[in-house]
Amino acid sequence: MRASLIQIAVDEDESVESRRRRVASLVRDQAGADLVVLPELWTTGAFAFEGFGNEAEPLEGPTHEVMAKAASDAGVWLHAGSIPERAPDGTLYNTSLFFSPSGELAASYRKIHRFGFDKGEAVLMGRGEDLVTVRLPETTVGVATCYDLRFPELFRGLVDAGAETLVIPAGWPERRRAHWTLLARARAVENQAFVLACGTAGTHARVPQAGHSIVVDPWGEVLAEAGAGEEILTVEFDPGKVAVTREQFPALKDRVL
């Protein structure tokens, strides 16, 4: 299976509309991949809280339209990162969009764990409630977003729902980059699953981003890791290794809690 993680640099001087067009072109360039992954809140910047309200869009808004066509043009499964979604009742959510190779919306996921404590996303956005998995021909994907990475219970739930590959778009800050790598490897090892974690580059609202998108196998080995700038990280991996790992070292069968 071939996956491409597009580590987008968010430049505050680039308009959201222009960035949508540019990212759609990058997605189209990945024709031949099985799965393409974009970062969290790449349209606005994950730390640009003051812009969430103005840039919020309905689930089937402009980003949906552009990314659906890009997925169809490239013939790829596309995790299009996340957008600030405005629900019909006016509530904002940090919502991921997952498209099939025909451009259909296969799934959406509203981020469950909101970052910011008493400010930013934590107070501006509603909390999602549902775990989401997507069945691809090669593997079942479990979907999480950024801060979710710190909460292992969510990933246990995804594994119980059949997840073999965990896809995590993020806008992770540079100052906690060591945690990003550590937690991505931990989630892979404890769940005996592949982890594809795609971050952003650049600076959002004066917060430098970590970059360093990473792909980890079920034994915790790093298969590929990006640098700090905008980059496309492409890796080939065998989804069948999950079943082999879980059979050879059946730790998940010993779960008690």
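An unreviewed UniProt entry lists the protein under the name Carbon-nitrogen family hydrolase, with Streptomyces doebereineriae given as the organism. Regarding the protein, the UniProt comment filed under Sequence similarities (unreviewed entry) reads as follows: "Belongs to the carbon-nitrogen hydrolase superfamily. NIT1/NIT2 family."

**Here we look at a negative patch on the surface**
Among the surface-exposed residues, Asp-11, Glu-12, Asp-13 and Glu-50 lie close enough to one another that they form a single negatively charged patch. With respect to the element layout, Asp-13 can be found in the loop between strand S2 (9-10) and helix H1 (16-28). Since its relative accessible area comes to 75%, Asp-13 is described here as exposed.

**Remarks on the packing of helix H5 (residues 152-160) against helix H6 (residues 177-191)**
Two numbers describe a pair of packed helices, the interaxial angle and the distance between the axes. Put simply, H5 and H6 touch, their axes get as near as 11 Å, and they point 40° apart. Classified by the angle between their axes, H5 and H6 sit oblique to one another. Judged by the sense of rotation from one axis to the other, the crossing of H5 with H6 is right-handed. The residues of H6 that touch H5, namely those facing Pro-152, Phe-155, Arg-156 and Val-159, are Arg-187, Glu-190 and Asn-191. Among the residues forming the contact of H5 with H6, the class breakdown is three nonpolar, one polar and three charged.

**A word on the sheet that holds strand S12 (residues 207-208)**
Adjacent strands of a sheet pair through backbone hydrogen bonds, lying either parallel or antiparallel. An order of S2-S11-S12 is seen for the three strands of this open sheet, with the pairing classed as mixed. Since the sheet does not close on itself, it has two edges, and those belong to S2 and S12, each with one partner. Both strand S11 (residues 201-204) and S12 contribute to a ladder of two bridges, which runs antiparallel. Bridging from a neighbouring strand, Thr-203 pairs with Pro-208 of S12.

**With respect to the sheet that holds strand S8 (residues 140-143)**
A sheet is described by the order of its strands in space; here six strands give the open sequence S7-S8-S9-S10-S13-S14, paired in mixed fashion. Bordering the open sheet on either side are strand S7 (132-135) and strand S14 (222-225), each of which pairs with just one other strand. For this sheet the average axis-to-axis angle between neighbouring strands, irrespective of direction, equals 15°. One ladder, built from five bridges, connects strand S9 (residues 165-169) with strand S10 (residues 194-198); its direction is parallel. Within S10, the residue paired with Pro-169 across the bridge is Cys-198.

Criteria and cut-off values
- Residues numbered from 1 in each chain as written.
- Predicted model: local features only at pLDDT ≥ 70, side-chain atom pairs only at ≥ 80, totals over all residues.
- Heavy atoms only, no water.
- UniProt positions renumbered as here; feature names shortened; annotations may be inferred.
- Patch = residues over 30% accessible without salt bridge, like charges linked within 9 Å, V, L, I, M, F, W, Y side chains within 5 Å.
- Areas by Shrake-Rupley, 256 points an atom, 1.4 Å probe, with all protein chains shown as cover.
- Salt bridge = Lys/Arg side-chain N within 4 Å of Asp/Glu carboxyl O.
- Lys, Arg positive; Asp, Glu negative; His and termini not counted.
- Charge placed at Lys NZ, Arg CZ, Asp CG, Glu CD.
- Helix = DSSP H or I, 4+ residues; strand = E, 2+ residues; numbered from the N terminus.
- Buried < 20%, exposed > 50% of the residue type's maximum accessible area, 1.4 Å probe, protein only.
- Axes fitted to C-alpha atoms, helices over the stretch in contact; angles between N-to-C directions.
- Parallel < 35°, antiparallel > 145°, perpendicular 65-115°, else oblique.
- Left-handed = near helix turned anticlockwise from the far one by under 90°.
- Contact = heavy atoms within 4.5 Å.
- Nonpolar A, V, L, I, M, F, W, Y, C, P; charged D, E, K, R; others polar.
- Pairing = 2+ DSSP bridges.

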